[in-house]
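# Remarks on the overall topology
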Amino acid sequence: MKLNQLRSIIKEELKNSLNEYQDKFKMVGILVTDINDRNQQEVLSDIRSVTGVTVVGSEEPMAYADQDKSQFKSILTVKVDGHPWILKGGFSREKLLDIIDDIKKIQGVKAFQVKDDNISTL
């Protein structure tokens, strides 16, 4: 193995290691709610109360009048601070999966889908 290849591998591994120890992340995903069951603002308020969630932004991909109220879709941006878990032993990208599951359990949420490439460090 050439020295340059070895350096490249080491740099990549260091970069990956540093990303694993980041404590602030941003997720962007599709949130599907039933606004006949529960107001969208109440759902967003409950998402903001999930441990670690610091900021929630919502944008509708199509006009309100064109949406099915029982399958109301919005693009949700969630910023997460890992501070609550750092004191308990650590925080990584995997913890974000728990936060996604917590969001899915909120009354009125039918689905919340986030692709891996829509998760980034801040």
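What comes next is a walk through the structure. Treat the numbers as computed from the prediction; the structure is a model and nothing was measured.

## Quick word on the side chain of threonine 33
Mapped onto the elements of the fold, threonine 33 is located in strand β1 (residues 24–33). Residue threonine 33 is classed as buried on the basis of its relative accessible area, which comes to 0%. In this structure the side chain of threonine 33 is engaged in a polar contact, spanning 2.7 Å, whose partner is the side chain of glutamine 40.

## Some details on the pairing of β1
Bridge count for β1 against strand β3 (residues 72–81) is 10 bridges, and the pairing is antiparallel. If you follow glycine 29 over to β3, its bridge partner there is leucine 76. Pairing geometry for β1 and strand β5 (residues 119–121), over three bridges, is antiparallel. Looking at the pairing, lysine 26 lines up with serine 120 of β5. Relative to strand β4 (residues 109–113), β1 runs antiparallel, the two being bridged by four bridges. The residue of β4 that forms the bridge with isoleucine 30 is glutamine 113.

## A short note on the nonpolar core
Counting 23 residues, the largest nonpolar core has Met27, Ile47 and Ile99 as the members making the most contacts within it. For this core, the secondary structure elements donating two or more residues are β1, α2 (40–48), β2 (53–59), β3, α4 (93–104) and β4. Residue contributions to this core peak at four residues, all from α4.

## Here's the deal with the environment of lysine 24
Mapping lysine 24 onto the fold places it in strand β1. Distance from lysine 24 to aspartate 37, taken between C-alpha atoms, is 32 Å for residues 13 residues apart in sequence. Apart from residues no more than four positions distant in its own chain, lysine 24 is found in contact with Val80, Asp81, Ser120, Thr121 and Leu122.

Parameters at a glance
- Residues numbered from 1 in each chain as written.
- Predicted model: local features only at pLDDT ≥ 70, side-chain atom pairs only at ≥ 80, totals over all residues.
- Heavy atoms only, no water.
- Helix = DSSP H or I, 4+ residues; strand = E, 2+ residues; numbered from the N terminus.
- Buried < 20%, exposed > 50% of the residue type's maximum accessible area, 1.4 Å probe, protein only.
- Polar contact = N/O pair within 3.5 Å; in protein donor to acceptor, adjacent residues only side chain to side chain.
- Pairing = 2+ DSSP bridges.
- Core = buried A, V, L, I, M, F, W, Y, C linked by side-chain atoms within 4.5 Å.
- Contact = heavy atoms within 4.5 Å.

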